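The chain contents come next:
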Amino acid sequence: MSERARPLIIGAAVGNCVHIAGLLNFLRLAEAAGYEVHSMGPAVPVAKLVGAAVEANADIIAVSYRLTPEVAANLIDELRCEAERAGIAGRRFIFGGTPPVASVARATGFFDAVFSGEESVPEIMAYLRGEARQGEEPTYAGDLVSRITASRPHPLIRHHFGLPSLSDTIEGARRIAESRTVDVISVGPDQNAQESFFRPSEMLGEQDGAGGVPVRTEEDLAAIYKASRTGNYPLVRCYSGTRDLMKWAEMSVRVIRNAWAAIPLCWYSQLDGRSGRTPQEAMEENMSVVQWYASRGIPVEVNESHHWSLRGAHDVVAVVMAFVAAYNAKVRGVRHYVAQYMFNNPVGTSYVMDLGKMLAKIQLIESLHDETFTSYREVRAGLASLSVDMGVAKGQLASSTHLQMSLSPDIVHVVGFPEADHAARPEEVIESCKIARGVIRNCLGGLPDVSRDPRVIARRDELVKEAGVLLDAIRRLGEGTSDDPLADPGVIAGAIRAGLLDAPHLAGNPLAAGGVVTDIVNGACVALDPVTRKPIDEKTRLRNLGM
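Residues numbered from 1 in each chain as written. Predicted model: local features only at pLDDT ≥ 70, side-chain atom pairs only at ≥ 80, totals over all residues. Heavy atoms only, no water.

Q: Mind showing me how you'd approach the environment of phenylalanine 161 here?
A: Relative to the helices and strands, phenylalanine 161 resides in strand β6 (residues 156-161). Take phenylalanine 161: its relative accessible area is 3%, and that puts it in the buried class. Measuring from C-alpha to C-alpha, the distance between phenylalanine 161 and threonine 278 comes to 29 Å, with 117 residues separating the pair along the chain. (Helix = DSSP H or I, 4+ residues; strand = E, 2+ residues; numbered from the N terminus. Buried < 20%, exposed > 50% of the residue type's maximum accessible area, 1.4 Å probe, protein only.)

In structure tokens, the structure reads:
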């Protein structure tokens, strides 16, 4: 064997096979796993491959063939003879091909591993890293950061799941785990549970199952978790609840080993009607729970920014609140931060403007990175962007996932294609995640860098500049009363009342201004002058507010 710093894999499509996409994908994974790799390309004679393996002293020889099984059998016999003649029959030979050809290769017993394209990326990576031989059950990491690291370069796949029936949800969790298509199951309790789990007398019985699974006891939650302990043993997390968040946190960590917390900054309050808390009260409680998670080393996501976009806020507010959310997490001691980037939101946002907005968020959030704080990129499609036509929705899911991959995400939060019509059933969750995995696999094979598009860069830079104007205004609002205005619940609540942070859907809310006018212009959500209906910048908007 070689004494080089990294083991060498040399690979080729042999015989008259010219199909090398699968081989190249495998070699990319191998390179990510720490190997030195070399492809000899398509239609390589068996003797030439063996000769090259001897000359390079390759540790592993990867053989690809995707044509006729009968011809493959002859080529494998030739390969065995050449390897024995060259004295390298004891090296590790691995094979990749279509399922029928792989079956022939597997039957020879010559190969250390045989891949048919049906394997998941984590399974392949586990083999390459020596964590499990092919056919053995890989060991799945039980925490988010370790799982992300083990899965790279493939992002983790997350999907939310919760049906109106508890028994259906339990059985569905088992089926999803056995499919090995989902790395993170986000349990979605119904609204009754989210608001009143710890106050059952306040629940409205006629609303059981509305918006999720009717979890009513710890045992219900434990049963869902237990059902998921099969297949690829997905991580499990749960919605944070819209009231009694600390009790929800303690129960979720204890019962399902909550993979990470997802908690808004000031929503789940009177702003959205999900609880009776004021924005200030919500932020105070929410951030105390964030601090609790941080003290236990559990990752946190502050899912704030997209709530503003869902209510028609212009893109500057969305970018600012993405930064403010991450900033507050860091201030509260969070070390591992999950930054969610929701695409297609508001509906009508163009791909160019969407990507520019996400890059602006990334630039601001990742400016916070240091030895105490790291963020992980989680991308997803906007729920409201999906069509009620299932065929169209599948196309939208695939298209959005393709754009999301431009951010090199750590987590892809798949939104099931039927969600505009009904909560995804287990088979639809699995199909949605397979669609996403197909897109991701192709993107990892080499994705053009659309982030270099001049229009994308211009929008990113414009939003970063405009966000600075609004952030300075919020800081000025807290001058003389707060040591850290961006982390002060009173200042943030004041910014909402004053209209610095505003959205059209907040009109009529006594705790918000609700006076901003926005619209989609050239694919971007922008603030408009309320009289002329023409786009205005932040300085003008704030001046109109007397700021």
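Q: Even after reading the chapter, I still don't get the pattern of salt bridges, so can you show me in this structure?
A: Where charged atoms from two side chains of opposite charge come close, those side chains can pair. With the rule as written, the count across this model stands at 30 salt bridges. Across the pair arginine 425 and glutamate 428 runs a salt bridge whose closest N-O atoms are separated by 3.0 Å. You can call arginine 425 partly exposed: its relative accessible area is 38%. Assessed through its relative accessible area of 8%, glutamate 428 is described here as buried. Among the ionic pairs, glutamate 538 bridges to arginine 541, the shortest N-O distance being 3.0 Å. With a gap of 3 residues between them, glutamate 538 and arginine 541 both fall in helix α19 (residues 538-544), about one helical turn apart. You can call glutamate 538 buried: its relative accessible area is 1%. You can call arginine 541 buried: its relative accessible area is 6%. It is possible to trace a salt-bridge network through shared partners that takes in Arg175, Arg425, Glu427 and Glu428. (Salt bridge = Lys/Arg side-chain N within 4 Å of Asp/Glu carboxyl O.)

Q: In this structure, what is going on with the pairing of strand β12 (residues 374-380)? I would like to understand it.
A: A regular strand places its side chains on the two faces of the sheet in alternate fashion. Across the 7 residues of β12, 5 count as buried, placing the element largely inside the fold. Pairing between strand β11 (residues 336-342) and β12: 7 bridges, direction parallel. Within β12, the position partnered with histidine 336 by the bridge is threonine 374. Crossover connection from β11 via helix α14 (residues 351-366) to parallel β12: handedness right-handed. Strand direction decides the pairing type here: β12 and strand β13 (residues 411-414), joined by 3 bridges, are parallel. Along β13, the bridge assignment pairs glutamate 378 with isoleucine 411. (Pairing = 2+ DSSP bridges. Right-handed = clockwise from strand over helix to strand, strands pointing away.)

Q: Just checking my understanding: could you explain helix α13 (residues 315-331) for this structure?
A: Residues three or four positions apart in an α-helix share a direction because the helix packs 3.6 residues into each turn. The end-to-end C-alpha separation of α13 is 24 Å, in line with the 24 Å expected for 17 residues at 1.5 Å each. Of all the 17 residues making up α13, 14 are buried; the element is thus mostly covered by neighbouring parts of the structure. Just downstream of α13, glycine 333 is the residue with a positive phi angle, here 95°. (Expected span 1.5 Å × (residues − 1).)

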